[in-house]
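Summary of the model geometry
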Amino acid sequence: MRLRKSNQEKRFDSVLFTGISDGEQEPSARKGQELSDEEFIVDVSQEQDGQNGHSIDVQDLSDLESGDDKQTEPQRKKNRRSWAPNPVNSFAQVQPYPTDPSQKWTRTYVGPVKRWTRLEHLVHYWFSNKENRKDVFSEFMELWFNYELLPPRLLQGSEQIERARNGWMPDNFTQGLEDKFCRWYERYLGSRSKPQSSTLIEKSKALRCFLPQAEGEMSVLLGHISGQKEYSINQGGCISFSESGLPIEDEHDCEVHSSGWLLDVGGIVLSMGWAPINDQAGQLLAMAVVPHSDQAFYMDPNDAPKATEMKEGSIQIWKFEAERDSQGIIRPARISPKIVQAICFHWGRVRRMQWCPVPLSTEHRIALLAMLCGDGKLRLIEVKRDPERDSTGAFEELEDPMITIEPPKEHTLEINCFAWMNMNRIAVAYSDGSVAVWSLSPCQQLQRHPIHSSPIMEIVSSYPSNPFIIATMPMGGVFTLTDLNRPTAEKTYHGNPLVSLQPNVLAWSDHLGGFASIWPTSFPGTSTISFVQSQVFPLSRHICTVEGQTTCLAMGICHPYLLVGSSDGSVWTLNVLRKIASHREKTHKLKLFQHEYCPQARLGTANEEEEQTSRGGACRILHGFLPQVNFHPLGTRIAKESRVKRARREKKKTRKLEDEDLSEDPVEMEEDDITMVPAPIVVHEPLTRITALSWNPNAEFSWWAAAAMGSGLVRVMDLGIEDARGKTKKRRGQFESTEQELDEDYDGPTYEEDMEEESDGDVDMAE
């Protein structure tokens with residue numbers, strides 16, 4: 001029902017004249033009234049359908065009628081943000097389409113889950129298809145809730161590490177996958193027509209023809225900000241770090257524990273990933289590295305290397321040893337990491353690469369690696385591991401891969417990205433916005449469906465819990481979730497249109513059942529990260545906002561911690577589980593380190609007019625930053641605006657400051673600081689940015705992380721902290737008590753107070 005604001009305060013008699021239409025009203029009844037749309041409000045209650053379309057229930061007029069002759073004062077509008085969930089028969093039941101015209105906005109989520117829904121109800125809504133959802137999620141809370149910034153080190157062979165490894169899957173899931181892979185591989189060997197072929201080559205030839213080469217040494221400033229020291233590192237070199245983040249000066253000092261390495265790979269890392277291994281052996285990190293000349297600035301575009309000149313590609317596999325200390329904790333070894341295998345080929349530069357997600361033991365001595373090459377073809381290769389050759393390194397030139405996936409022969413059609421769904425299925429995203437599902441054995445395309453109208457920049461599978469549910473992020477369009485089992489019927493999208501020009505900004509968390517990505521917005525320089533749960537995909541939650549523009553992110557495979565890389569060279573981390581567990585708790589984020597690169601032109605060692613085709617220069621790495629409050633920037637501005645409006649209402653109601661100049665009101669001055677436009681973009685040196693991030697997928701080393709920088713440096717970090725199990729509170733089945741404890745500790749303004757004026761729809765996070 002639509003009522004004029006002036007009619008809200010009127011008193012009505014018990015007799016209602018509903019037989020006269022608006023066109024039959026007397027002109028005198030409308031005199032002095034404006035008929036603009038601003039005069040009307042929309043009643044959010046649904047109109048009752050009866051035999052008489054104008055019939056009104058008597059109870060609906062209880063707020064308008066009065067027992068005396070005095071005109072009643074209009075009641076204050078009730079807060080729409082109710083803490084009670086919508087009454088539904090089942091959490092897995094699909095909600096009916098809203099019939100209220102005021103809720104039929106195409107860019108607004110209307111459903112049972114709100115941003116302020118309690119954690120107890122969120123668990124039921126998000127994991128409605130899990131029978132033991134409350135018990136399993138309680139175990140997640142026990143493991144990670146009390147560790148706000150960094151993941152804890154879990155004891156080897158404990159129940160906690162098995163829960164972290166399996167997540168929502170059964171206890172024998174990992175072993176069952178390994179057995180299925182063995183049977184699948186044996187079947188493939190018996191049916192393949194042509195095996196993978198390669199030839200061993202000399203290391204000198206691999207360095208000369210395939211691997212990127214960095215000329216000379218690079219100066220690196222390391223240490224505390226007040227007393228940094230200069231170190232020199234060349235390609236293949238390594239510097240070990242202690243737990244305090246400082247370089248280890250004395251390698252024979254047993255009291256100082258190693259906490260990671262800094263190595264130089266000689267080029268720009270476009271993609272990297274840890275190999276899934278089921279044993280407590282040395283960890284393997286594969287990296288797709290391209291020369292700096294591929295992305296260098298050229299005064300004359302004709303001098304840039306052509307596609308025909310970039311046929312040589314390679315993947316470097318580095319091995320990182322681990323050792324046990326006196327307390328039985330696995331830590332990075334003092335042994336420097338080294339390249340154990342280099343896979344070389346003439347198929348162009350590697351743009352993307354991913355390991356097969358099935359973890360295998362060292363007994364199999366084989367792993368599957370998929371890579372997207374510069375010639376537009378997706379190739380699957382066998383990576384054979386030979387411990388005897390790890391000491392010297394194996395350099396091989398591939399002639400024929402294991403499996404080759406080619407795009408359909410259509411005009412300008414290319415493969416942009418891909419995602420593993422299981423050991424025998426790969427989802428391939430094309431440049432025309434379509435997604436195809438390929439079978440590896442036999443190698444054939446099973447289905448292809450149009451999802452977007454622009455090139456797909458990122459595709460991620462919900463492996464292992466829902467491997468055929470994929471999320472796709474186009475270059476321009478909407479963030480979409482599709483179930484490939486029924487792609488024409490089971491599909492949803494986020495209402496905010498987005499512009500995505502950067503890869504590696506979408507990740508899946510199986511423990512939380514959702515995706516971490518850049519905030520869906522049409523502003524390409526966004527620095528905000530959001531989380532969307534697959535059950536309520538159109539509703540995005542703010543996770544964090546970093547400095548600079550987001551260039552890459554990584555979500556933990558065995559924990560809910562997030563890594564975010566930025567264009568200013570900073571790497572951030574936070575606990576996503578703690579962030580989404582309560583909307584009223586004040587959470588924090590941590591800057592792990594800050595990387596800054598300075599080219600030779602600024603150092604005065606080269607002519608400024610010369611083209612910077614090589615790396616050169618120097619870089620600086622800062623660490624030791626304090627945690628920062630993880631606030632919502634747009635929510636903070638909306639809260640200020642809300643306080644301004646409340647101050648105005650109070651001022652109008654009391655009428656105590658009628659003659660005071662409004663320009664001198666501090667509240668009014670605070671309103672001038674509210675801006676809803678995107679923040680200015682700061683342009684940094686291109687080689688300063690963070691190019692790739694990766695968490696270790698193996699449960700025993702899940703707190704190891706790798707960060708690649710544009711300067712060619714890669715930092716491997718042991719971010720695990722000691723598991724203070726005695727201080728961990730038992731939270732099994734205590735969601736309500738958890739939120740009560742958080743509410744008691746929080747002294748700041750509540751969410752419903754700060755965001756009272758915010759609408760239910762998604763807001764634009766362009767800034």
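This section reports on the structure supplied with the text.

The rules we used
- Residue numbers run consecutively from 1 along every chain, following the written order of its sequence.
- Where totals are concerned, whole chains, interfaces and linings use all residues; where local detail is concerned, this predicted model gives features only for residues with pLDDT of at least 70, and gives and counts side-chain atom pairs only at 80 or more.
- The side-chain values count all of the structure's non-hydrogen atoms but skip hydrogen atoms and water molecules.
- Any two strands with at least two DSSP bridges between them are considered paired.
- By the criteria applied, helices consist of DSSP H or I runs no shorter than four residues and strands consist of E runs no shorter than two, each listed in order from the N terminus.
- Only the contacting stretch of a helix is used when fitting its axis, a line to C-alpha atoms as for every element, and angles between N-to-C directions run 0 to 180 degrees.
- For a helix, the expected span equals 1.5 Å multiplied by the number of residues minus one.
- The rule is simple: take the accessible area with a 1.4 Å probe, protein chains only, and divide by the maximum for that residue type; under 20% is buried, over 50% is exposed, in between is partly exposed.
- Of all possible arcs, the one meant is that of the directions from the helix axis to the C-beta atoms.
- Two residues form a contact once any of their heavy atoms are found within 4.5 Å.
- Aromatic pairing here means that ring centres of Phe, Tyr or Trp (its six-membered ring) are within 6.5 Å. Orientation follows from the plane angle: under 30 degrees is stacked, over 60 is edge-to-face, and everything else is tilted.
- Geometrically, a charge over a ring is one whose NZ (Lys) or CZ (Arg) sits within 6 Å of the ring centre while staying within 35 degrees of the ring normal.
- A pairing counts as a salt bridge when a side-chain nitrogen of Lys or Arg comes within 4 Å of a carboxyl oxygen of Asp or Glu.

So, on to the sheet that holds strand E29 (residues 528-533). Strands sit in the order E27-E28-E29-E30 across an open sheet of four strands; the sheet is antiparallel. Of all the strands in the sheet, the pair left with one neighbour each is strand E27 (506-509) and strand E30 (540-545). Direction aside, the axes of adjacent strands within the sheet are offset by 25 degrees on average. With four bridges connecting them, E27 and strand E28 (residues 514-518) associate as antiparallel partners. Residue Ser509 lies in a different strand from E28, and its bridge partner there is Gly514.

Between the first and last C-alpha of helix H5 (residues 173-191) there are 27 Å, a value that for 19 residues agrees with the 27 Å anticipated at 1.5 Å per step. Regarding H5, the residues found buried are Phe173, Thr174, Leu177, Glu178, Phe181, Trp184, Tyr185 and Tyr188. Looking down the long axis of H5, one finds its buried residues gathered within 130 degrees of arc, a one-sided arrangement. For H5, exposure combined with an orientation more than 90 degrees from the buried face picks out Glu186 and Gly190. Its buried side turned inward, H5 meets helix H4 (159-166), strand E15 (366-373), strand E16 (378-384) and strand E18 (403-405).

What follows is about the packing of aromatic side chains. Enumeration according to the criterion identifies 19 aromatic pairs in this entry. Taking the centre distance of 5.5 Å and the plane angle of 90 degrees together, the rings of Phe140 and Trp168 count as edge-to-face. Pair noted here: Phe140 is in helix H3 (residues 133-144) and Trp168 is in the loop between H4 and H5, with a separation of 28 residues, a long-range link. As far as the burial class goes, Phe140 and Trp168 line up, both buried. Arranged with centres 5.3 Å apart and planes meeting at 40 degrees, the rings of Trp261 and Phe320 form a pair that is tilted. Here Phe320 lies in strand E10 (residues 313-320) and Trp261 lies in strand E7 (residues 258-264), a separation of 59 residues in the sequence. With relative accessibility at 0%, the residue Trp261 sits in the buried group. Stacked on the ring of Phe145, the Lys or Arg Arg578 has its end atom at 4.7 Å from the ring centre.

Our next topic: the pattern of salt bridges. Across all of its chains, the model carries 22 salt bridges by this definition. The partner of Glu397 in a salt bridge is Lys205, and the shortest N-O contact between them spans 3.9 Å. Residue Glu397 is found in strand E17 (residues 394-400), and its partner Lys205 is found in helix H6 (residues 203-209); the two are separated by 192 residues along the sequence. The exposure class assigned to Glu397 is buried, which follows from its relative accessible area of 17%. Several salt bridges converge on common partners, so that one network encompasses Arg153, Glu243, Arg331, Asp718 and Glu722.

Geometric descriptors of this kind do not, in isolation, establish any biological role.
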